[in-house]
Amino acid sequence: MKSPETKSLNFLENIIEEDIRNNKNSGIILTRFPPEPNGYLHIGHAKSICLNFGLAQKYNGKCNLRFDDTNPTKEEEEYVNSIMEDIRWLGFDWENRLYYASDYFDQLYEWALKMVKEGKAYVDDQSSEIISEQRGVPTRPGIESSYRKRTVTENLDLFERMKKGEFPDGTRVLRAKGDMSSPNMHMRDPVMYRIMHATHHRTGNKWCIYPMYDYAHGQSDYLEGITHSICTLEFEIHRPLYEWFLDNLIETEYRPRQYEFARLNLSYTVMSKRKLLELVKDGYVKGWDDPRMPTISGMRRRGYTPEAIRNFAEKVGVAKRENVIDVGLLEFTVREHLNKIAPRIFAVLDPVKVIITNYPEGKIENLHLEVNPEDPELGYRDVPLSREVYIEKEDFMEDPPSKFFRLGPGREVRLKGAYIIRCESFKKDDAGNIQEIYCTYDPETKSGSGSQKKVKGTLHWVSAKHAIDAEIRLYDRLFINEFPDEVEQEELDFKVNLNPGSLKVITGKIEPGVKDAKPSDKFQFQRLGYFCVDSDSTEGKLVFNRTVTLKETWTKLKDKTD
RNA sequence: UGCCCGAUGGUGUAACUGGCAACACGUCUGACUCUGAAUCAGAAGAGUCCAGGUUCGACCCCUGGUCGGGCAACCA
């Protein structure tokens, strides 16, 4: 029978366990995470990072970090730094195994030479337009380049001169002699090298010819001794080529093997680098680390924790079918983690004043409230109470329905951690807005006093004279539509689905004890959600980002009865 | 008209490689509660894309369809 404690394996784990059983590669597991340093990492990359490093960890292997920097015109140092920071922050370590595809340029060149000498590669003088045309279409075979039958001597000479910089960009390429009639487009004489007179972020001006991805990746894997080269589905059709190059170049029995999985898609989110770049460039968000962005840096700033993201990656699973994960799952994993670690505080975002008429003028009580009921070890914090407090405007209704467990004329609620108060009256301005609420408190009901009196509702509050102001940035989903790419008319794009209310900035009142909080400090504003101190905070002014609200069953209830 | 993948509750993943479908999120009840949170207890929800076949028995194997995705950068 099935033993419940054996967790089921995903298809990659199955493959790896099978390989270990067969002692393939002497049982060694070596994966790699191969980002191109041309942009910031996002939650989709996080899935891949967790997969590659996670698999290595699980099977006693290692995972290399290798920057796939074969295109100097797109890649920059700035990105390699942010990528390394993000991976470390996620909690993974490549130790001394930091590599670059550019580390292998010499070897790759030697191998190309070998292919030329063996008549397996040739220099093509045609333009990319012509080459592309000759390549044909998937349903129809291509035709061979007229340069395909150049002699080895001529190819050697030309390739040498390409390397020396004798030809301008785009005038010649080195191509492998594949099969122009292959049903797999990638096998139709793939380009191995192109001319680019560009400064590379690591090799400087040493090269003016650069290898293509297909020619570089498999060999890089081979040189590092990668056993399982895991990439996303769109590379599946590249695999025959990946293997073909290796078979033509390598004599040893060892081969890295490429496996493909389905990339992560998230509802209410766009994930493509191009679209994210557009959001940044055109000012729809304030930068790559805008807390609304699905980038690792954005999520970090938003208040996500590495644990939450890793757990999310775990829960999402790995398979080969297209998928769209509900952002709700991501929100669940942050709440789950933050619930355990975030200190609780009171913060009133939309304040209305409550005057406790029978509370002595000038009296201040110092209340001791739990930092986090989920973790008693964290102890207590001090919260001052005085005659005037702020509560949330929406916690008072002039004419509340019976299911409204909060304040209303004649109703009683508990001020959390303090006393039960009863609303006696209230004052409105000419426009009908509630200005002040007058309550009496019952001194017998102090929290912790053992009072048996029960009320249905408990409110968070903050002492009016002690509260400090803070800027609060209320973030919401960046897109209105579950599938941002879904648009009504052809000429529109994902930007029409942008949520105009994805950021609301307000000034809130927070309890005084947190005035020295530091950027990235995380709190639960009780009854509201999880918030994180933003790096925009200054000496006298705290700025908070809302990471995520608490689960809101009340909102649902309310909507249902409306 | 080619080639390569894939298809299991609303979503995602699983089913010891053939033994009558499980877990998580979500949803809905109810309990508890000094956070309408958390926690706890429970429920609904798929008969596994379709049609054949093999088999005592099929989500799993075979055949043929259907639908979805990918492949035609000197990008990765």
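Residues numbered from 1 in each chain as written. Chains lettered and ligands numbered in written order. Predicted model: local features only at pLDDT ≥ 70, side-chain atom pairs only at ≥ 80, totals over all residues. Heavy atoms only, no water.

Participant: Describe the sheet that holds strand S4 (residues 121-124), with residues and values.
Facilitator: Spatially, S4-S5-S6-S7 is the arrangement adopted by the four strands of the open sheet, whose pairing is antiparallel. A strand with exactly one partner marks an edge of an open sheet, and here the two such strands are S4 and strand S7 (209-211). Here the average twist between neighbouring strands, direction ignored, is 20°. Direction of pairing for strand S5 (residues 173-176) relative to strand S6 (residues 191-195): antiparallel, over a ladder of three bridges. Bridge assignment links Leu174 to a residue of S6, and that residue is Tyr193. (Pairing = 2+ DSSP bridges. Helix = DSSP H or I, 4+ residues; strand = E, 2+ residues; numbered from the N terminus. Axes fitted to C-alpha atoms, helices over the stretch in contact; angles between N-to-C directions.)

Participant: Explain the packing of aromatic side chains residue by residue, including any values.
Facilitator: Taken as a whole and assessed by the stated rule, the structure comprises 24 aromatic pairs. Taken together through their ring pairs, the aromatic side chains of Phe105, Tyr109, Phe159, Tyr193, Trp207, Tyr210, Tyr215, Trp244 and Phe245 make up a single cluster. Positioned above the aromatic ring of Tyr100 is the side chain of Arg202, whose terminal nitrogen or guanidinium carbon lies 3.6 Å from the ring centre. (Phe/Tyr/Trp six-rings, centres within 6.5 Å; stacked < 30°, edge-to-face > 60°. Lys NZ or Arg CZ within 6 Å of the ring centre and 35° of its normal.)

Participant: How would you summarise the protein's contact with RNA strand B if you had to cite specific residues and measurements?
Facilitator: In the neighbourhood of RNA strand B, 71 residues make up the surrounding shell, with Arg321, Arg344, Ser447, Gln524 and Lys556 lying closest. The sugar-phosphate share of atoms of RNA strand B within 4 Å of the protein amounts to 62%. With respect to RNA strand B, the side chain of Glu236 contributes an N or O atom lying 3.4 Å from a sugar or linking oxygen. The backbone of Gly448 places a nitrogen or oxygen atom 3.3 Å from a base nitrogen of RNA strand B. Elements with a minimum of two residues in the surface near RNA strand B: helix H5 (128-134), S6, helix H11 (306-316), helix H12 (327-341) and helix H13 (553-561). At four residues, the largest contribution of residues to the surface near RNA strand B is made by H13. Its residues assigned to classes, the surface near RNA strand B shows 25 nonpolar, 22 polar and 24 charged. (Near = heavy atom within 4 Å. Polar contact = N/O pair within 3.5 Å; in protein donor to acceptor, adjacent residues only side chain to side chain. Nonpolar A, V, L, I, M, F, W, Y, C, P; charged D, E, K, R; others polar.)

Participant: Lay out the packing of helix H2 (residues 43-58) against H11 with the relevant residues and their values.
Facilitator: The N-to-C vectors of H2 and H11 enclose an angle of 75°; their axes lie 9 Å apart at closest approach. The orientation of H2 with respect to H11, classified from their angle, is roughly perpendicular. Facing H2, whose interface residues are Ile43, Ala46, Lys47 and Cys50, H11 presents Ile309, Arg310, Phe312, Ala313 and Val316. Split by residue class, the contact of H2 with H11 holds seven nonpolar, no polar and two charged. (Parallel < 35°, antiparallel > 145°, perpendicular 65-115°, else oblique. Contact = heavy atoms within 4.5 Å.)

Participant: Residues and numbers for the environment of Gly39, please.
Facilitator: The topology assignment puts Gly39 in the loop between strand S1 (30-33) and H2. Residue contacts for Gly39: discarding those within four places in its chain leaves Tyr79 and Ile83.

Participant: Explain unusual backbone geometry to me, and be specific about the residues and the numbers.
Facilitator: A positive phi angle, close to 55°, is found at Ser26, a residue other than glycine. Along the chain, Ser26 turns up in the loop between helix H1 (11-21) and S1. Given a relative accessible area of 58%, Ser26 falls into the exposed group. With a phi close to 60°, Tyr268 is a non-glycine residue in the positive phi region. Considering the arrangement of structural elements, one finds Tyr268 in the loop between strand S9 (257-261) and helix H9 (273-281). On the basis of relative accessible area, Tyr268 is assigned to the partly exposed category, the value being 22%. (Buried < 20%, exposed > 50% of the residue type's maximum accessible area, 1.4 Å probe, protein only.)

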